[in-house]
Amino acid sequence: MTTGLTAHESSGLAAARREHDGIDTAWFAPAARRAAVGIALVSMDGRFLEVNGELCRMLGRPPADLVGRTTVEITHPDDQHLSRWSYPELAAGDSDAHRMEKRYVRPDGTVVHAIRLTKIVPDDAGNAALLFTQYVDVTQRNARLAGLADLGQRALDDVSGDRLVGDARHLVATMLGL
């Protein structure tokens, strides 16, 4: 899938600006370019300010389609309440970090499962100013777990076990790429 990235954008970073709310974010660019996971700087109200190429690839969107949008806008409808709950908690100072797994929707409608790790970036006074967020794609892992759960259910349903052995071989071969 292509995301329509320009040469500059595909180098790993798209930025609205180098400073956000008076906080120097020049440190973000080198980290973002080298990251093996999706990375974003997010405002305290949940808007993408800067994103890296890996996040764009994961979400199937060019940087211009993410920067300025809220994370809720690209979140699966059944998971949107999770974002609405976590940002106010971080802004209130109840925690300086947060981890959650939720689903995101690509423009083509496919669903991406990701673990989102969020850490507050404080301003000079120590107040929550930005969110440094990492996204780890766990879509394949979740598909494998669902396959194992299905296999377990079929084992319970299949008294003789004959069908189960064939299904288990197929599932293991698929998981191992054989």
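Let me sum up the structure you'll find in this document. Treat the numbers as computed from the prediction; the structure is a model and nothing was measured. (Residues numbered from 1 in each chain as written. Predicted model: local features only at pLDDT ≥ 70, side-chain atom pairs only at ≥ 80, totals over all residues. Heavy atoms only, no water.)

Details of the pattern of salt bridges
Any two side chains of opposite charge can pair, given that their charged atoms come close.
Here's step 1: Counting across every chain of the model gives five salt bridges.
Here's step 2: When the shortest N-O distance is used, the salt bridge between Arg-47 and Asp-45 registers 3.8 Å.
Here's step 3: Its relative accessible area of 53% is what places Asp-45 among the exposed residues.
Here's step 4: With a shortest N-O distance of 2.9 Å, Asp-79 and Arg-103 are connected by a salt bridge. Taken together, the positions of Asp-79 in the loop between α5 (71-74) and α6 (80-91) and Arg-103 in strand β6 (residues 97-105) put the pair 24 residues apart, joining distant regions of the chain.
Here's step 5: Judged by relative accessible area, Asp-79 falls into the buried class, the value being 9%.
Here's step 6: By relative accessible area, which is 23% here, Arg-103 ends up partly exposed.
Here's step 7: What emerges from the salt-bridge pattern is a single network uniting Arg-61, Asp-65 and Arg-69. (Salt bridge = Lys/Arg side-chain N within 4 Å of Asp/Glu carboxyl O. Buried < 20%, exposed > 50% of the residue type's maximum accessible area, 1.4 Å probe, protein only. Helix = DSSP H or I, 4+ residues; strand = E, 2+ residues; numbered from the N terminus.)

Quick word on the pairing of strand β4 (residues 38-43)
Here's step 1: Summarising burial for β4: six of the six residues are buried, a large majority.
Here's step 2: The alternating pattern of β4 places Gly-38, Ala-40 and Val-42 and Ile-39, Leu-41 and Ser-43 on opposite faces, both of which are buried.
Here's step 3: Sheet topology places β4 next to strand β8 (residues 128-137); six bridges connect them, and they run antiparallel. If you follow Ala-40 over to β8, its bridge partner there is Thr-133.
Here's step 4: The sheet contact formed by β4 and strand β5 (residues 48-51) spans three bridges and is antiparallel. If you follow Val-42 over to β5, its bridge partner there is Phe-48.
Here's step 5: What sits between the antiparallel neighbours β4 and β5 is a turn of four residues, in which Gly-46 has the positive phi angle 90 degrees. (Pairing = 2+ DSSP bridges.)

Brief notes about the nonpolar core
Here's step 1: Membership of the largest hydrophobic core comes to 17 residues, with the highest contact counts inside it found for Ala-40, Phe-48, Val-51, Leu-55, Leu-66 and Tyr-135.
Here's step 2: Contributions of two or more residues to this core are made by β4, β5, α3 (53-59), β7 (111-122) and β8.
Here's step 3: Among the elements that line this core, the one with the most residues is α3, at four residues. (Core = buried A, V, L, I, M, F, W, Y, C linked by side-chain atoms within 4.5 Å.)

Examining the pairing of β7
Here's step 1: Two elements, β6 and β7, share nine bridges in a ladder whose sense is antiparallel. The residue of β7 that forms the bridge with Ala-97 is Lys-119.
Here's step 2: Where β6 hands over to β7, the hairpin turn is made up of five residues, of which Gly-109 adopts a positive phi near 95 degrees.
Here's step 3: In this sheet, β8 lies alongside β7 in antiparallel orientation, the contact comprising nine bridges.

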